[in-house]
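# Architecture and fold: a report
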Amino acid sequence: MTNVVVDASVVLAWFLRDEQNTYADALLTSANSVSFLVPQHWTLEIANVFALAENVGRLTASDVAGALNTLGSLQIEVDSETYSSAFGMTLSLCRRHRITAYDAAYLELALRKGAGLASLDRKLVAAAAAEGATLFQP
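Residues numbered from 1 in each chain as written. Predicted model: local features only at pLDDT ≥ 70, side-chain atom pairs only at ≥ 80, totals over all residues. Heavy atoms only, no water.

### Some thoughts on the overall build of the chain
Counting its secondary structure elements, the chain contains 7 helices and 4 strands. Reading the chain from its N end, one meets helices and strands in the order β-α-α-β-α-α-β-α-α-β-α. The C-alpha atoms of the chain give a radius of gyration of 14 Å, which matches the 14 Å a tight globule of 138 residues would have. Each principal axis of the C-alpha atoms in the chain carries an extent, and together these give about 40 × 30 × 25 Å. Each of the 138 residues in the chain was classed as buried or not, and the buried ones make up 43%. When contacts within the chain are restricted to residue pairs at least 6 apart in sequence, long-range pairs at least 24 apart make up 69% of them. Summed over all atoms, the accessible surface of the chain reaches about 7200 Å², with 53% contributed by carbon and sulfur. (Helix = DSSP H or I, 4+ residues; strand = E, 2+ residues; numbered from the N terminus. Rg over C-alpha atoms; globule rule 2.2 N^0.38 Å. Buried < 20%, exposed > 50% of the residue type's maximum accessible area, 1.4 Å probe, protein only. Contact = heavy atoms within 4.5 Å. Areas by Shrake-Rupley, 256 points an atom, 1.4 Å probe, with all protein chains shown as cover.)

Below, the structure written as structure tokens:
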């Protein structure tokens, strides 16, 4: 099974109709052959976007429940070492590429685990390419 670090931009494209795209859809379709890895802040990031989307009418409570059901059916491993890397490699990646610590945590995890990175964030993808990280292609 292939390990893939999947960031919030891809996950949210699965559930927000106005952000759907073929890359994210293809990754979700291949979910039975990949194991997703996420940094520790991922659950809070996803919950925050779901709450905001519900507050402005982009999602209903029923949509969020369905999304949570889908996420619960996927093989998603939350990394236990994210925070121990925060002031080391993650901070270095932030500085080097001028990206947020949240985004750098995805890149740091992909580099540390030798996993592919799945992202729709252009700055994160550029940083990953510069670092020689594998960009996952479904």
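### Structural notes on the packing of helix 3 (residues 42-55) against helix 4 (residues 61-73)
Here helix 3 crosses helix 4 at 160°, and the two axes come no closer than 9 Å. Here helix 3 lies roughly antiparallel to helix 4, going by the angle between them. You can see that helix 3 and helix 4 cross each other, and the crossing is right-handed. On the side of helix 3, the interface is formed by Trp 42, Ile 46, Phe 50 and Glu 54, while helix 4 contributes Ala 61, Val 64, Ala 67, Leu 68 and Leu 71. Grouping the amino acids of the contact of helix 3 with helix 4 by side-chain chemistry returns 8 nonpolar, no polar and 1 charged. (Axes fitted to C-alpha atoms, helices over the stretch in contact; angles between N-to-C directions. Parallel < 35°, antiparallel > 145°, perpendicular 65-115°, else oblique. Left-handed = near helix turned anticlockwise from the far one by under 90°. Nonpolar A, V, L, I, M, F, W, Y, C, P; charged D, E, K, R; others polar.)

### A look at the packing of aromatic side chains
With the rule as written, the count across this model stands at 3 aromatic pairs. An aromatic cluster is built from Trp 14, Phe 15, Phe 36 and Phe 50, whose rings are joined through pairwise contacts. (Phe/Tyr/Trp six-rings, centres within 6.5 Å; stacked < 30°, edge-to-face > 60°.)

### Considerations on helix 4
Taking 1.5 Å per residue, 13 residues should reach 18 Å; helix 4 reaches 19 Å between its end C-alpha atoms and fits that length. Within helix 4, burial applies to Val 64, Ala 67 and Leu 71. Buried residues of helix 4, seen end-on, are gathered within an arc of 60° and therefore sit on one face of the element. The exposed set on the far side of helix 4, more than 90 degrees from its buried face, consists of Ser 62, Asn 69, Gly 72 and Ser 73. Contact partners of the buried residues in helix 4: helix 1 (8-15), helix 3 and strand 3 (76-78). (Expected span 1.5 Å × (residues − 1). Arc of directions from axis to C-beta.)

### Concerning the nonpolar core
Trp 14, Phe 36, Phe 50 and Leu 71 are the most contacted members of the largest nonpolar core, which has 44 residues in total. For this core, the leading source of residues is helix 1, giving 7 residues. Not counting residues up to four positions away in its chain, the partners in contact with Phe 50 are Leu 12, Phe 15, Leu 59, Val 64, Ala 67, Leu 68 and Leu 71. (Core = buried A, V, L, I, M, F, W, Y, C linked by side-chain atoms within 4.5 Å.)

### Topic: the sheet that holds strand 4 (residues 116-118)
Ordered by their spatial adjacency, 4 strands build an open sheet running 3-2-1-4, and the pairing between neighbours is parallel. Bordering the open sheet on either side are strand 3 and strand 4, each of which pairs with just one other strand. Neighbouring strand axes in the sheet, compared pairwise and without regard to direction, differ in orientation by 35° on average. Of the pairings in the sheet, the one linking strand 1 (residues 2-6) to strand 2 (residues 34-38) comprises 4 bridges and is parallel in character. Opposite Asn 3, over in strand 2, you have Ser 35 as the bridge partner. (Pairing = 2+ DSSP bridges.)

### Brief notes about the pairing of strand 2
Of all the 5 residues making up strand 2, 5 are buried; the element is thus mostly covered by neighbouring parts of the structure. Neither face of strand 2 is exposed, since Val 34, Phe 36 and Val 38 on one face and Ser 35 and Leu 37 on the opposite face are all buried. Where strand 2 meets strand 3, 3 bridges bridge the pair, whose relative direction is parallel. The partner of Leu 37 across the bridge, within strand 3, is Glu 77.

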